Amino acid sequence: MLTYYLYIVGIMSLITIIVYGIDKIKAVRGSWRISEATLLLFLFFFGALGGIFSMYVIRHKNRKIKFIILNWLFIIIHIGLGVYLLTNNI
């Protein structure tokens, strides 16, 4: 089960990086943007690692306190879930 969890986290993180990148390009161009709620949903659904990468490498949403706090909170939750799966051999 832990293997599937790691695959899901990896895939969702890559998708989150892509979505953040698209939103960053749209922000620079001044065109229609992806909603903050959608970006936060990607973080919640196992994309927080990609969100951290995007915030500090792509430099997108790195000044928004809500994104910083929620991203780190979701990272902690996802790590806790991974540790739970690892220790309980699920």
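Residue positions are counted from 1 within each chain, in the order its sequence is given. Since the coordinates come from a predicted model, pLDDT governs what is reported: local features require at least 70, and pairs of side-chain atoms require 80 or more to be given and counted, while whole-chain, interface and lining totals use all residues. Excluding hydrogens and water, the side-chain figures rest on all heavy atoms present in the structure.

### Concerning the pattern of salt bridges
Here is step 1 of the chain: By salt bridge we mean one thing: a side-chain nitrogen of Lys or Arg within 4 Å of a carboxyl oxygen of Asp or Glu. By the definition in use, this model includes four salt bridges.
Here is step 2 of the chain: When the shortest N-O distance is used, the salt bridge between K66 and E36 registers 3.1 Å. Within this pair, whereas K66 is found in helix α3 (residues 65–87), its partner E36 is found in helix α2 (residues 36–58), the two being separated by 30 residues in sequence.
Here is step 3 of the chain: A simple rule labels every residue: compare its accessible area, found with a 1.4 Å probe on the protein chains alone, to the largest value its type can have, and call it buried under 20%, exposed over 50%, or partly exposed in between. Residue K66 is classed as partly exposed on the basis of its relative accessible area, which comes to 42%.
Here is step 4 of the chain: Ionic contacts of the salt-bridge type, sharing partners, join the residues E36, K61, K64 and K66 into one network. Secondary structure elements are defined from DSSP: runs of H or I of at least 4 residues count as helices, runs of E of at least 2 residues count as strands, and each element is numbered from the N terminus.

### Description of the nonpolar core
Here is step 1 of the chain: Ranked by size, the top nonpolar core spans 12 residues in total: V19, Y20, I34, L39, L40, L43, A48, I52, M55, F67, F74 and I75.
Here is step 2 of the chain: Looking at this core, the elements that each hand over two or more residues are α1 (2–29), α2 and α3.
Here is step 3 of the chain: For this core, the element with the highest residue contribution is α2, accounting for six residues.
Here is step 4 of the chain: Whether two residues are in contact is decided by their heavy atoms: any pair within 4.5 Å suffices. With residues up to four places along the chain from it excluded, the contact list for I75 reads A48, L49 and I52. We call a set of buried Ala, Val, Leu, Ile, Met, Phe, Trp, Tyr and Cys residues a nonpolar core when their side-chain atoms join them within 4.5 Å.

### Details of the packing of aromatic side chains
Between two aromatic rings, the relevant description is the distance of the centres plus the angle of the planes.
Here is step 1 of the chain: Ring geometry is summarised as follows: Phe, Tyr and Trp rings, the Trp one being its six-membered ring, pair when their centres sit within 6.5 Å, and such pairs are stacked at plane angles under 30 degrees, edge-to-face over 60 and tilted between the two. Scanning all chains against the criterion turns up three aromatic pairs.
Here is step 2 of the chain: Consider the rings of Y5 and F46, whose centres lie 5.6 Å apart with planes at 85 degrees: the pair is edge-to-face. Residue Y5 is found in helix α1, and its partner F46 is found in helix α2; the two are separated by 41 residues along the sequence.
Here is step 3 of the chain: For the ring pair F44 and F45, a centre distance of 5.0 Å and an interplane angle of 80 degrees mean the geometry is edge-to-face.

### Examining the packing of α2 against α3
Here is step 1 of the chain: Packing of α2 against α3 leaves a shortest axis separation of 9 Å and a crossing angle of 90 degrees. By the angle class used here, α2 and α3 are roughly perpendicular. Lines fitted to the C-alpha atoms define the axes, with helices restricted to the stretch that makes contact. Angles between their N-to-C directions range from 0 to 180 degrees. Any angle from 65 to 115 degrees is called roughly perpendicular, while one under 35 is roughly parallel, one over 145 is roughly antiparallel, and all others are oblique.

Note that every value here comes from positions in space, so none of it alone points to a role or purpose.
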